[in-house]
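Per-entry structural report
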Amino acid sequence: MTTTARVSRRKFLIGGGAVVAAATLSATLGELGRAAAESVVGSGSLPAAGEVDNQWVVVQAANPHGTGTAITVYTPKVELGTGTETALQQIVAEELYATLTQLTWVQGDTDFDPPSDSASEGYTAGSQTIYVEGVSLRLAAAAAFQEILALGATYFGVPASDLRAANGVLYAGHRSASYGQVIGGQVVTAAPTSTTPTKPYQQYTIVGQPVPRVDLPSKFFAQFTYSTDVRLPGMVYARVVRPVGRNATFAGWGALYGLALSYPGIIGISQVGNFVYVLSSDEGTAAQVVTDFGSQIADWTDGPALIAEASLPSALQSDEYVYASDDQVDVGNAASAFAGAPVQLAAQYFTPFYMHGPMGGSAAVATYDGTTLTVYSGTQGPGPLQAAIAALIQTQDPGFGTDNVHVIYTEQPGCYGHDGADDCSAEAALIAYLIQGPVKVQWSRADEHQWEPLSPAMVHLMQGGLDGDTVVSWQHDMYSPTHNSRPGAGAAAGNLLVSQYLGATPAPMPQLGPNTATRNAPVNYNFANSRVGRHFVTSFTLQADDADFDAASPLTWVLPRSTALRSLGGFSNTFANESFMDELAYAAGVDPVAFRISYLQGNTRAIEALAAVALLAAWVPAQFESPGAGASPYGPGPGPYPLGPPPPAGHAVGRGVSFIQYENDLTYVATVADVDVALATGVVSVLNVYVAHDCGLIINPDGLENQIQGNVIQGVSRTLIEQVNYVGDAVVQNGWYDYAPYYVTGYPVIQFDQVPNTRIALLDHPDQPAWGAGEPAVLPMAGALGNAIHAATGVRIRSLPMTPTNVLAALQAANVPGA
Amino acid sequence: MASVALVVNGQDVSLTYNSSDGSEFLLYLLREQFSLQGPRFGCGISECGCCTILLNGAPVRSCVTKVSTLDAGDEITTLDGIGTPQRPHPMQAAFIEHQAGQCAYCCNSMIMGAIGFLNQRIADGNRSVPTQAEIADFLSGNTTDPPLEYICRCGAHLRILAAIEDAAGRML
């Protein structure tokens, strides 16, 4: 099994001997995780030859005396604050019969992890860390362990089968030796093969345990270094003066340029293209100058307005902006079945632009020594960012190459997707290159709110046909701008904001394909006739065909720049699917849980999840007097909420259910939500949320619960509260809530007094592959809440967010008494 | 260059600043001059709580607190100074026990804010352990005017409330 892995290219410092196991992080391995039905954990085919080895498990002695056991893992996947670092360490320690304290973790350092050309491999995203990298690291650790066993057999002079291992120590009868001792001075490389034995799950002692997060204590003791905490000798501080809108261009220095420049501490104010930045010897002065004088440091020429926010629902469907369409799913003949259906339902759903809104504005530190541009970045993709930054600097120095850029991952506030981290890092890199020294770029709250790439608005046209209580036709046409504009090599280098400030154009809008806007657009329900149409909407024009095409600034945005936010299109698609499924259930006069289960026959784990959440929530099946005309004990709608005391006067309570299987073949989530609607004000309070969650083998139940809670709470926030507002070509929100003294317009998010009681059932399947949990539980939230509001009031709300204003308007339009 | 004598995390220090009117905000000066990283930049406009410190025991937003508002001898406490892994503050111990964070960037705000909240409660002669609803009211800004909210974006709210309640039980 010893191979000639390309260890020499790595910059490992191996003092004595070592066992080095290479693993390929690739979509191929991800497929191992996907192939739940046919493969047991850890087995399966190996990556194709030629793929890049970019993960390494190195086992060595713990000290120069050659004793002890030390394990170092080099990985391009990064801890984003979700706890995967801890979970992955559990997997490695388990497979190596070692302890967590013997592990050292090196993540997201481009000196160790060669960049990948494949966009999907270099990012930590999409709930893929556990099910892709987890498998990959398990195999690498298992391969390393087999080498250690072989070395141990020689060391002790006994067959490997007579050896026992625990806590990084090998035992042969009464004799024992650390891994470092049996390795001695030897250097052995290993790579997993299809026959590498892995530990049977029945023997797991670390995987499956609620191991505390390895990173949290240092964060609670202020000993953790976030990117904003990186300090380099001689470092200066930069803040960026932003254009007045996405399409604005620099027109010259403004009235207060001179005054700002004369401020004590200000080193300089510079401009390249539309990129204007202030340099200061201290951060506070840079912040104050940009806050106080920013709008008058530079003058800008206004650019064209974006598509007006109010017209988004229609504009997203217009031929003018839809550039590609096809049917992603086409089973039977949905159109003719709909035409012939005795009962026909049609509805339009809409979700707005959302922002990631990390708790702190993005921050990055960069320095340049004349050869290497080192960037401390909170990026989700150190390798792709390295390539994109190299391309950016090439606009200043054609000889600059990827090897001249060293990206070192340094955690930022939780990102939930592609926030401002990459853009901020690239700005730091460019400034460091231009000033030939160390600089910190801290994005202000307004920078992050107004300039991070957003999650796009989406429209869904739903049509369903019923014959009796049977769905005879299901049609879903979804319209969406891109959910992926991450920077990377090639054309994707133009996705960096600062590259666009310098005149680069973004990568072309994506071709039709699954997994961005279309995530969970298809449903797992077995309908005889179903069709899912996907319609991709452009965000910008390059105007190359226009008579007034300006080659110097060809890019014109028609929508805010959009990209990946937790679950991509899955949140909006599932809102539409699960709300409309509820519409059909009520029209059919069938309990919504039973209705869903009836279309999931054969999908055992899906049914298990729905049954589990029904049990957890003490779901009482809805009783319909006749289809669509039942009566609940409390609400005006026919909702199943006969539990607890009646709501106070002027309030309605109701309960709704929602279900997804993530990406249609991974994690299962079934969710029930209970809401209280204040009829006079439209205020929705979420009383309880119940979640049944099946992601296969559970690596860390406490970390998993933490992620599910986070998804529930973010889901409530996105459903009830959040919405980006823009005017002209500029996002108007520059803070968390309106505050006139500071000229703040708010993008409010959920507060502590709005968080629901949450009960979670973790459905463990230790004999099955471990899937991700970073995203799945957010998908069902909007459907569950909307369905609960309908159950309470009889009113179906089909646009997010369900703010008091929007809910009250809907209640009044439906003449709900008390509204 | 002007300066003010302060006690920061129990140490006598001199905080220096450039302006004639002390218009600099405390957050940046504390971080740069004393290498502190408990108070963090979150919004710069007093809306989120990431920069929370204790000024003479009361939680304040250091991102909008001007040096000019300080008096010589003022005591400043930051997350850096309240405990160590060996001797954690009860609030820190409770946050670890409850794993009350995800990215944990915001947790400085809830840890320091809650300590200030409990300090005030004790000063008011109320030694009853607050309910989670009372803690949520405080963290939602319902007890101050203008409201001072403590924002968590990852959704660790339930664990944070439980941790603070637990710590309060040990501190009160």
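Residues numbered from 1 in each chain as written. Chains lettered and ligands numbered in written order. Predicted model: local features only at pLDDT ≥ 70, side-chain atom pairs only at ≥ 80, totals over all residues. Heavy atoms only, no water.

Another aspect to go through is the overall build of chain A. Tallying secondary structure elements over chain A gives 19 helices and 30 strands in all. When each of the 819 residues of chain A is scored for burial, the buried share is 65%. Considering only residue pairs separated by 6 or more positions, chain A has 77% of its internal contacts joining residues 24 or more positions apart. Entry remark: accessible area of chain A is about 26,600 Å², with carbon and sulfur atoms responsible for 53%. (Helix = DSSP H or I, 4+ residues; strand = E, 2+ residues; numbered from the N terminus. Buried < 20%, exposed > 50% of the residue type's maximum accessible area, 1.4 Å probe, protein only. Contact = heavy atoms within 4.5 Å. Areas by Shrake-Rupley, 256 points an atom, 1.4 Å probe, with all protein chains shown as cover.)

So, on to the pattern of salt bridges. All names here are of chain A. Per the stated rule, a full pass over the model turns up 28 salt bridges over all chains. Close ionic contact of Arg242 with Asp447 constitutes a salt bridge, the shortest N to O distance being 3.1 Å. Pair noted here: Arg242 is in the loop between strand 9 (236-241) and strand 10 (249-253) and Asp447 is in helix 12 (residues 445-451), with a separation of 205 residues, a long-range link. Overall, Arg242 belongs to the buried group, its relative accessible area being 11%. Judged by its relative accessible area of 5%, Asp447 is buried. A salt bridge links Asp327 to Arg531, with the shortest nitrogen-to-oxygen separation between them at 3.0 Å. With Asp327 in strand 14 (residues 322-331) and Arg531 in strand 22 (residues 530-537), this residue pair connects regions lying 204 residues apart in the sequence. When its relative accessible area of 14% is taken as the criterion, Arg531 is described as buried. It is possible to trace a salt-bridge network through shared partners that takes in Arg213, Asp215, Lys219 and Glu411. (Salt bridge = Lys/Arg side-chain N within 4 Å of Asp/Glu carboxyl O.)

This part covers helix 10 (residues 382-394) of chain A. Across its 13 residues, helix 10 of chain A extends 18 Å between first and last C-alpha, which sits within 8% of the 18 Å expected from 1.5 Å per residue. If you check which residues of helix 10 of chain A are buried, you get Pro382(A), Gly383(A), Pro384(A), Leu385(A), Gln386(A), Ala387(A), Ala388(A), Ile389(A), Ala390(A), Leu392(A) and Ile393(A). (Expected span 1.5 Å × (residues − 1).)

Applying the stated rule across the entire model yields 32 aromatic pairs over all chains. With a centroid separation of 5.0 Å and 85 degrees between ring planes, the pair formed by Tyr155(A) and Phe156(A) is classed as edge-to-face. Using a relative accessible area of 7% as the deciding quantity, one classes Phe156(A) as buried. Here the aromatic rings of Phe224(A) and Tyr226(A) are separated by 4.8 Å at their centres, their planes lie at 65 degrees, and the arrangement is edge-to-face. The lysine or arginine in question, Arg718(A), covers the ring of Phe571(A), its NZ or CZ lying 4.1 Å from the ring centre. Here the guanidinium or amino end of Arg40(B) rests over the ring plane of Tyr105(B), the centre of that ring lying 5.8 Å away. (Phe/Tyr/Trp six-rings, centres within 6.5 Å; stacked < 30°, edge-to-face > 60°. Lys NZ or Arg CZ within 6 Å of the ring centre and 35° of its normal.)

Residue and element names in this part refer to chain B. Look at helix 2 (residues 90-97) against helix 5 (residues 157-171): their axes get within 8 Å of each other, and the N-to-C directions meet at 140 degrees. For the element pair helix 2 / helix 5, the angle class is oblique. Where helix 2 crosses over helix 5, the two elements pack in a sense that is right-handed. Seen from helix 2, the contacting residues are Pro90, Met91, Ala93, Ala94, Phe95 and Glu97; seen from helix 5, they are Ile160, Ala163, Ile164, Asp166, Ala167, Arg170 and Met171. Here the contact of helix 2 with helix 5 is composed, by residue class, of 10 nonpolar, no polar and 3 charged. (Axes fitted to C-alpha atoms, helices over the stretch in contact; angles between N-to-C directions. Parallel < 35°, antiparallel > 145°, perpendicular 65-115°, else oblique. Left-handed = near helix turned anticlockwise from the far one by under 90°. Nonpolar A, V, L, I, M, F, W, Y, C, P; charged D, E, K, R; others polar.)

In this section: unusual backbone geometry. Note that the residue after Leu800(A), namely Pro801(A), is joined by a cis bond; omega there is -5 degrees. Cis geometry marks the peptide bond from Asp145(B) to Pro146(B), where omega comes out at 0 degrees. By the secondary structure assignment, Pro146(B) is in the loop between helix 4 (132-139) and helix 5. Non-glycine residue Ala618(A) carries a positive phi angle of around 50 degrees. Locating Ala618(A) in the fold gives a position in the loop between helix 16 (604-616) and strand 25 (651-661). For Ala618(A), a relative accessible area of 41% translates into the label partly exposed.

What follows covers the interface of chain A and chain B. Taken together, the contact between chain A and chain B spans 67 residues of the former and 61 residues of the latter. For the pair chain A and chain B, the summed buried area comes to about 5,300 Å², and 56% of that belongs to carbon and sulfur atoms. In terms of surface lost to chain B, no three residues of chain A exceed Phe220(A), Met359(A) and Phe752(A), which account for 18% of the buried area on that side. Applying the counting rule to chain A against chain B returns 4 salt bridges. The shortest N-O distance in the salt bridge between Arg31(B) and Asp229(A) comes to 2.8 Å. (Buried area = accessible area lost by both parts, 1.4 Å probe.)

Residue pairs spaced three or four apart in an α-helix point in one direction, given the helix's 3.6 residues per turn. Helix length check: helix 17 (residues 701-720) of chain A (20 residues) gives 28 Å between terminal C-alpha atoms against 28 Å at 1.5 Å per residue, within 8%. Within helix 17 of chain A, 16 of the 20 residues are buried, leaving the element largely enclosed by the surrounding structure.

Attention shifts here to the environment of Ser19(B). All names here are of chain B. Mapped onto the fold, Ser19 is located in the loop between strand 2 (11-17) and helix 1 (26-34). For the pair formed by Ser19 and Arg40, sequence separation is 21 residues and the distance between their alpha carbons is 22 Å. Side chain to side chain, Ser19 and Asp21 meet in a polar contact 3.2 Å long. (Polar contact = N/O pair within 3.5 Å; in protein donor to acceptor, adjacent residues only side chain to side chain.)

So, on to the confidence of the model for chain B. Mean pLDDT over chain B: 97, with 100% of residues reaching 70 or higher. Predicted as a complex, the structure gets a pTM of 0.94 and an ipTM equal to 0.98. (pLDDT = per-residue confidence, 0-100.)

With respect to the helices and strands, Leu512(A) occurs in the loop between helix 13 (497-501) and strand 22. Residues within four places of Leu512(A) in sequence aside, it is in contact with Ala324(A), Ser325(A), Asp326(A), Arg534(A) and Phe536(A).

Turning our attention to the nonpolar core. Counting 171 residues, the largest nonpolar core has Met91(B), Phe95(B), Met110(B), Leu139(B) and Ile160(B) as the members making the most contacts within it. When near neighbours in sequence (up to four residues on either side) are disregarded, Met110(B) contacts Phe752(A), Phe95(B), Leu139(B), Tyr150(B), Ile151(B), Cys152(B), Ile160(B) and Ile164(B). Core analysis: the second largest hydrophobic core is formed by 44 residues, Ala93(A), Ala141(A), Phe156(A) and Ala190(A) among them. (Core = buried A, V, L, I, M, F, W, Y, C linked by side-chain atoms within 4.5 Å.)

Residues and elements named next belong to chain B. The strand order 2-1-5-3-4 describes an open sheet built from 5 strands, whose pairing is mixed. This sheet does not close on itself; its edge strands, each paired only once, are strand 2 and strand 4 (58-61). Strand-to-strand twist across the sheet, computed as the mean angle between neighbouring axes with direction ignored, equals 40 degrees. Judged from the 7 bridges that link them, strand 1 (residues 2-8) and strand 2 form a sheet pairing that is antiparallel. For Val7, the partnering residue across the bridge sits in strand 2 and is Asp12. (Pairing = 2+ DSSP bridges.)

This paragraph deals with the pairing of strand 3 (residues 52-55) of chain B. Residues and elements named next belong to chain B. Residues Thr52 and Leu54 of strand 3 are buried on one face, and the alternating residues Ile53 and Leu55, pointing to the opposite face, are buried as well. The pairing of strand 3 with strand 4 spans 4 bridges and is classified as antiparallel. By the bridge assignment for strand 4, Leu54 is matched with Pro59. Here strand 3 folds back onto strand 4 in antiparallel fashion, the turn holding 2 residues, of which Asn56 has a positive phi close to 50 degrees. In the sheet, strand 3 pairs with strand 5 (residues 75-77) via 2 bridges, with the strands oriented antiparallel. Of the residues in strand 5, the one forming a bridge with Leu54 is Thr77.

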